[in-house]
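Read off the chains here:
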Amino acid sequence: MNTSALEAKQLWRTYQRGSETIHALADFNLTVQPGEMVGIVGRSGSGKTTFLNQAGCLDRPTRGSVIITGTDITALPEPQLVSFRRDYIGFIFQLFYLLPTLTVAENVALPLLFASRKDPQRVEELCERVGLSGKLRALPTSLDGGEMQRVAIARALVNDPKLLLADEPTGRLERKSRDAILGIFEELKQDGLAIVVATHDLEQADRCDRVVELRDGKRVFK
Ligand SMILES: Nc1ncnc2c1ncn2[C@@H]1O[C@H](COP(=O)(O)OP(=O)(O)OP(=O)(O)O)[C@@H](O)[C@H]1O
Ligand SMILES: [Mg+2]
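Residues numbered from 1 in each chain as written. Chains lettered and ligands numbered in written order. Predicted model: local features only at pLDDT ≥ 70, side-chain atom pairs only at ≥ 80, totals over all residues.

(A) Structural view of the site of ligand 1. Around ligand 1 lies a shell formed by Tyr15, Arg17, Ile22, Ala24, Gly42, Ser44, Gly45, Ser46, Gly47, Lys48, Thr49 and Thr50. Among the secondary structure elements, those contributing two or more residues to the shell around ligand 1 are β1 (6–17), β2 (20–32) and α1 (48–55). Take the shell around ligand 1: its biggest share by element is three residues, from α1. Among the residues forming the shell around ligand 1, the class breakdown is three nonpolar, seven polar and two charged. (Near = placed C-beta within 6 Å. Helix = DSSP H or I, 4+ residues; strand = E, 2+ residues; numbered from the N terminus. Nonpolar A, V, L, I, M, F, W, Y, C, P; charged D, E, K, R; others polar.)

(B) Fine view of the packing of helix α3 (residues 104–114) against helix α5 (residues 145–157). Remark: α3 packs on α5, axes separated minimally by 7 Å, with the N-to-C direction vectors making an angle of 30 degrees. In this view, α3 runs roughly parallel relative to α5, as classed from their interaxial angle. In this structure, the crossing between α3 and α5 has a hand that is right-handed. Each of Val104, Asn107, Val108, Leu110 and Pro111 in α3 lies in contact with α5, whose residues at this interface are Val151, Ala154 and Arg155. Classifying every residue of the contact of α3 with α5 gives six nonpolar, one polar and one charged. (Axes fitted to C-alpha atoms, helices over the stretch in contact; angles between N-to-C directions. Parallel < 35°, antiparallel > 145°, perpendicular 65-115°, else oblique. Left-handed = near helix turned anticlockwise from the far one by under 90°. Contact = placed C-beta atoms within 7 Å.)

(C) Highlighting α5. In this model α5 runs 19 Å from its N-terminal to its C-terminal C-alpha over 13 residues, within 8% of the 18 Å that 1.5 Å per residue would give. What α5 keeps buried is the set Glu147, Met148, Gln149, Arg150, Val151, Ala152, Ile153, Ala154, Arg155, Ala156 and Leu157. On the buried face of α5, the contacting elements are β6 (89–93), α3, α4 (120–129), β7 (163–167) and α6 (175–190). (Expected span 1.5 Å × (residues − 1). Buried ≥ 20, exposed ≤ 12 C-beta atoms within 10 Å, placed from the backbone.)

(D) Just the sheet that holds β6, in detail. Taken in spatial order, the six strands of this open sheet run β6-β7-β8-β3-β9-β10, and their pairing is mixed. Pairing within the sheet leaves two strands with one partner each, and these edge strands are β6 and β10 (218–220). The sheet shows a mean angle of 25 degrees between the axes of neighbouring strands, taken without regard to direction. Alignment of strand β9 (residues 210–215) against β10, held across three bridges, turns out to be antiparallel. Considered in β10, the bridge of Glu213 is made with Val220. (Pairing = 2+ DSSP bridges.)

(E) Structural view of the pairing of β9. In terms of strand pairing, strand β3 (residues 37–41) meets β9 through four bridges, oriented parallel. Of the residues in β9, the one forming a bridge with Ile40 is Val212. Here β9 hands over to β10 after two residues, with Asp216 in that stretch at a positive phi of 50 degrees.

(F) Spatial organisation of the sheet that holds strand β5 (residues 71–72). One open sheet accounts for four strands, arranged β2-β1-β4-β5; its pairing is antiparallel. Only two strands of the sheet have a single partner each, and these edge strands are β2 and β5. Pairing geometry for β1 and β2, over nine bridges, is antiparallel. Following the sheet pairing, Arg17 is matched in β2 by Glu20.

Nothing here speaks to function; it is all geometry.
Here you go:
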């Protein structure tokens, strides 16, 4: 039997704001297979980022479980969670979060450093793959938004994750860069990566295998 890349089961994330209880996720269920790209859409505040944070081990659910390639990450103690996240999950954000004083190659290599590994060849191959050959020694400040997002994608891939999570990755990009980034996502998916992407970009949603809509933390079934 194939192991799913991601299974979210009866996931709840509840926040308390003063006397108000906010169910940012309320009984959310989703399964994603390797080689599948799933879009998460929904209005601002519907729970997209909250879900990605649970799936990416950046935050723990109030209730329910997240299973990644067969491992229930909700049951992992913090130190194991950190290494699991590093080895199995790649994260891409709208604002790139590159380190401005490091070169492109050093930014991409950063997750390897945390794993006490060095692999300049892989860094170079990945940079080439996302269209950054010739920019390895450039500083992020000399890049445009599309190039910065390419660096972030290469960095997310450097530890060879099984699941790629992207939170509005094209939100800050102009059209041409955006199209290039969407093309990269499609190639990665064809290579067997499972991708979950939260987006307000209808074209990106269109290019997903499936789109899941959130409303007030709940999945909308049409
Ligand atoms: N740390 C927090 N403390 C309290 N409430 C929070 C926290 N994080 C998120 N929320 C609330 O949870 C709900 C879901 O927020 P979330 O950021 O997941 O939405 P989103 O779909 O990603 O929105 P956007 O499209 O604007 O990025 C919102 O009501 C938000 O205000
Ligand atoms: Mg969000």
